[in-house]
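What the coordinates show
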Amino acid sequence: MVGDGATWRLRRGMEVFTPEPQYSPMPTVVAFETEGGAVLAADRLVVSNDTVSSKRAERLATFGDCGGAAVDDPGEFRRELDGKRREYETDHGGNPGIEPFTQLASEVAGAVGTDAAVLARDDDGHARARAVYADGSVIDDSPVALGTGAELAFGRLEAGVPEGLDEASTFARELIEGVGERDTRTGDEADVWTVADA
C-alpha cells in the first residue's frame, strides 16, 4: 500500500515510486485502449494535508476528440492544455492527434508539475491512451494507472478489460469506485470519458 505523500507509476509490472509533497492531492486516474476506442476515468476527491477539501473535483479536460485527466491541479492543467490545443487548432485547422496532443500535454504537465493521462486518435483513426509525467517522461503503452490507487487499479486493468466501449466505460467507473473502497485518497465517485475509433 502506498503511504501518504507518494504516487505510483506503473507500466506492465514495472513500479516507479515518486515522492510527492504532503499537500498534493492524490486521486486515481486510469486510461486504457479497447476494441472500438479508448477510455479515461478519474475520481473526484481532493485531499489536502490529510483532509478532504472537495469531493467534486472535475479532473477530466475534454476537447471533442482529445482530452486528459491530471492527478494534481486539474483546473490549471485544463486551462493550459486548452490554450495549447487552441493554438494547434489555429495553426493546423483541427484538433491534434495522439502524438502532437501527447507532446502538448507533456509540456503542460511539466509546467504545472503534475502527471496526467491523455486520449486522442492516431493517424489511422484509432483512439489511443498515453501517460505524461511532470518530469517529461511519456508512457505509450495501455493501460495507464496514476495516483495513490494506481497499484490497485493496475492489477485489475492487467487482468483484462471489456472489448466493447460501453462495457469498458462501466468497467472503468466500477474500477475507480472499487479502488476508492480500499484507498482513502481515492474518491468513490468517478467521471468517465470515451473516444471511439473513427
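Here we summarise the structure given alongside this text.

Analysis parameters
Residues numbered from 1 in each chain as written. Predicted model: local features only at pLDDT ≥ 70, side-chain atom pairs only at ≥ 80, totals over all residues. Heavy atoms only, no water. Helix = DSSP H or I, 4+ residues; strand = E, 2+ residues; numbered from the N terminus. Contact = heavy atoms within 4.5 Å. Areas by Shrake-Rupley, 256 points an atom, 1.4 Å probe, with all protein chains shown as cover. Buried < 20%, exposed > 50% of the residue type's maximum accessible area, 1.4 Å probe, protein only. Pairing = 2+ DSSP bridges. Arc of directions from axis to C-beta. Phe/Tyr/Trp six-rings, centres within 6.5 Å; stacked < 30°, edge-to-face > 60°.

1. Quick notes on the overall build of the chain
- Within the chain, the regular secondary structure consists of 4 helices and 13 strands.
- Taking contacts inside the chain between residues at least 6 apart in sequence as the whole, the part at least 24 apart equals 61%.
- Summing over all exposed atoms, the chain offers an accessible surface of approximately 8900 Å²; the carbon and sulfur share of this is 42%.

2. Examining the pairing of strand β9 (residues 116–121)
- The buried fraction of β9 amounts to 5 of the 6 residues, a majority that puts the element mostly inside the structure.
- Inspection of the sheet shows strand β8 (residues 67–70) paired to β9 by 4 bridges, in the antiparallel sense. Directly across from A70, in β9, lies its bridge partner A116.
- The sheet contact formed by β9 and strand β10 (residues 127–132) spans 6 bridges and is antiparallel. Across the sheet, the residue bridging to V118 is R130, located in β10.
- Count of turn residues in the β9/β10 antiparallel hairpin: 5 residues, of which G125 carries a positive phi of about 90 degrees.

3. Quick notes on helix α3 (residues 150–158)
- Every buried residue belonging to α3 is among A150, A153, F154 and L157, and all of these are buried. Looking straight down α3, one finds that the buried residues subtend no more than 100 degrees of arc, so they occupy a single side.
- G160 sits one or two residues past α3 and shows a positive phi near 125 degrees.

4. What to know about the side chain of D82
- Examined against the element boundaries, D82 turns out to sit in helix α1 (residues 74–92).
- A relative accessible area of 15% places D82 in the buried class.

5. Observations regarding the packing of aromatic side chains
- Taken as a whole and assessed by the stated rule, the structure comprises 1 aromatic pair.
- Judged by centre distance (5.9 Å) and plane angle (85 degrees), the ring pair of F32 and F171 falls under edge-to-face. With F32 in strand β3 (residues 28–34) and F171 in helix α4 (residues 165–182), this residue pair connects regions lying 139 residues apart in the sequence. The same class applies to F32 and to F171, which are both buried.

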